[in-house]
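# Analysis of the macromolecular model
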Amino acid sequence: MAPGRLLQSGQPRLATFRANQDMALNMARNILINNNIISASELTPECVYLDRRRLLLGGTALALTTATATAAAAAPAQAPMKAALNARYSSTEQPTAYADITGYNNFYEFGTGKDDPRRNAHTLRPRPWSVTISGEVEVPGTLTLEDILAPHALEERVYRMRCVERWSMVIPWVGFPLADFIKRFRPTSKAKYVAFRTLHDPKQMPGQRAGWLEWPYVEGLRIDEAMHPLTLLAVGLYGRLLPNQNGAPLRLVVPWKYGFKGIKSIVAIHFTERRPPTSWNVAAASEYGFYANVNPAVDHPRWSQASERRIGASLFDATRPTLPFNGYAADVASLYSGMDLRRWF
């Protein structure tokens, strides 16, 4: 009921109090969200993502409820993607709310604010889509998105994501191993690195009209990193198609690295003998290394990396220690055996 109608009901003092109270609460809510003190889901929780699978682990049926049944803000109505949960490579932590994952992110092609991608990414046309494969491979070519997906069974993997800016999430991705995709093109012995390129189209990506980065966005991995079973090509999250603001229709996910390595809206993959340039390393080499492995012992020049703020966590549990390799050290530390991780950051 509107405040004006309440004033006519014989309770003007109560109505005025409630109206002022609502106004004050809304102002406080906006201040908290806009200054990144708290996320929207902490203030307006809703229960979603209840349709989770039961799995067999060592012959024992387990219900994956605690970590996956309490996220906030429901996904848009879409037909669910058929994707089996890969428990081997999934965190049991509670996933971050869909509203936070899709409403708080970095995608400079649509602006530098955390909510800019959500507000501006409607201009991206993720279909039709194609990706060009080139370089040191025996089978180069250009594939449509349908060609890319056809041979692969989709998996759901619940990964931790750590941004270099000291915030983190837990995201239930849908995708398939990059290694399985790479094998289709038979890389040669000269393929030491894999380079990725984002779409360059300022009409679809208005942020590319600004000069805060050199466009198009480019990223790269060593071939052994690309072939690691944790490395994922994602096409969805929360069992739904990947939203534009999260990198539709195809993005990279490397959970032991800082989030900027997860290049979005990929249109080209190139295999090369030499280490490729990467956008943030080109922009500020002293701040953003090529490897970008999550490392609490190596600080960013302007802030500590020892801790992180979990988006959507309670005020009393938001700050937590950052784990080496984002908690995936047992799986990936051997990739960097003998390397000086302070030098090769």
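The structure we're discussing is the one just above.
Presented here is a report on the structure given in the accompanying data block. (Residues numbered from 1 in each chain as written. Predicted model: local features only at pLDDT ≥ 70, side-chain atom pairs only at ≥ 80, totals over all residues. Heavy atoms only, no water.)

In terms of regular secondary structure, the protein is built from ten helices and 15 strands. Within the protein, the fraction of its 345 residues that count as buried is 50%. Restricting to contacts in the protein with at least 6 residues of sequence separation, those with at least 24 account for 71%. Carbon together with sulfur atoms contributes 55% to the accessible area of the protein, which is approximately 16700 Å² in total. (Helix = DSSP H or I, 4+ residues; strand = E, 2+ residues; numbered from the N terminus. Buried < 20%, exposed > 50% of the residue type's maximum accessible area, 1.4 Å probe, protein only. Contact = heavy atoms within 4.5 Å. Areas by Shrake-Rupley, 256 points an atom, 1.4 Å probe, with all protein chains shown as cover.)

Glancing now at the environment of Pro296. Along the chain, Pro296 turns up in the loop between helix 9 (279-283) and strand 14 (307-310). With 30 residues separating them along the chain, Pro296 and Asn326 place their C-alpha atoms 8.9 Å apart. Apart from the residues within four sequence positions on either side, Pro296 is in contact with Gln305, Ala306, Thr322, Leu323 and Pro324.

This next bit is on the pattern of salt bridges. Enumeration according to the criterion identifies 16 salt bridges in this entry. The residue Lys261 makes a salt bridge to Glu219 at a minimum N-O spacing of 2.7 Å. Here Lys261, found in the loop between strand 12 (251-253) and strand 13 (266-272), pairs with Glu219, found in strand 9 (residues 218-222); they are 42 residues apart in sequence, far enough to count as distant. With respect to class, Lys261 is no different from Glu219; both count as buried. Where Arg320 meets Asp317, a salt bridge forms, and the shortest distance between an N and an O atom there is 3.0 Å. The exposure class assigned to Asp317 is partly exposed, which follows from its relative accessible area of 41%. Via salt bridges that share partners, Glu93, Arg160, Arg162, Glu308 and Arg310 belong to a single interconnected network. (Salt bridge = Lys/Arg side-chain N within 4 Å of Asp/Glu carboxyl O.)

Take the sheet that holds strand 13 next. Spatially, the five strands line up as an open sheet ordered 5-4-13-8-9, and their pairing is mixed. On the outer flanks of this sheet lie strand 5 (141-144) and strand 9, each paired with one strand and no other. Taken over all neighbouring pairs, the strand axes of this sheet differ in orientation by 20° on average, direction set aside. Two strands pair when backbone bridges link them, and strand 8 (residues 193-198) and strand 13 are joined in this way by six bridges, in the antiparallel orientation. Bridging from a neighbouring strand, Arg197 pairs with Ala268 of strand 13. (Pairing = 2+ DSSP bridges. Axes fitted to C-alpha atoms, helices over the stretch in contact; angles between N-to-C directions.)

The next thing to look at is the side chain of Arg251. With respect to the element layout, Arg251 can be found in strand 12. It is Glu109 that comes nearest to the buried, bridge-free Arg251 among opposite-charge side chains, at 10 Å. Among the polar contacts made by the side chain of Arg251, one reaches the main-chain carbonyl oxygen of Gly262 at a distance of 3.2 Å. Arg251 has contacts with Trp173, Leu232, Leu233, Ala234, Leu242, Asn246, Gly262, Ile263, Lys264, Ser265 and Ile266, leaving out every residue within four places of it along the chain. (Lys, Arg positive; Asp, Glu negative; His and termini not counted. Polar contact = N/O pair within 3.5 Å; in protein donor to acceptor, adjacent residues only side chain to side chain.)

Sheet analysis places strand 4 (residues 130-135) next to strand 5, joined by four bridges and oriented antiparallel. When the sheet's bridge partners are listed, Ser130 is paired in strand 5 with Thr144. The antiparallel pairing of strand 4 with strand 5 creates a hairpin that spans five residues between the two strands. Across four bridges, the pairing between strand 4 and strand 13 is parallel.

Take unusual backbone geometry next. Cis peptide bonds are those with omega within 30 degrees of zero, and the linkage from Trp215 to Pro216 qualifies with 0°. Tracing the backbone shows Pro216 in the loop between strand 8 and strand 9. Cis geometry is found at the peptide bond from Ala248 to Pro249, where omega equals -5°. One can find Pro249 in the loop between strand 11 (240-241) and strand 12. Phi at Arg166 takes a positive value of approximately 80°, unusual for a residue other than glycine. As for its placement among the helices and strands, Arg166 is situated in the loop between strand 6 (155-162) and strand 7 (167-177). Accessibility expressed as a relative area gives 34% for Arg166, which makes it partly exposed. A positive phi angle is found at Phe325, which is not glycine, with a value near 55°. Along the chain, Phe325 falls in the loop between strand 15 (319-321) and helix 10 (329-332). Judged by its relative accessible area of 8%, Phe325 is buried.

Bear in mind that shape data such as this cannot, by itself, settle questions of function.
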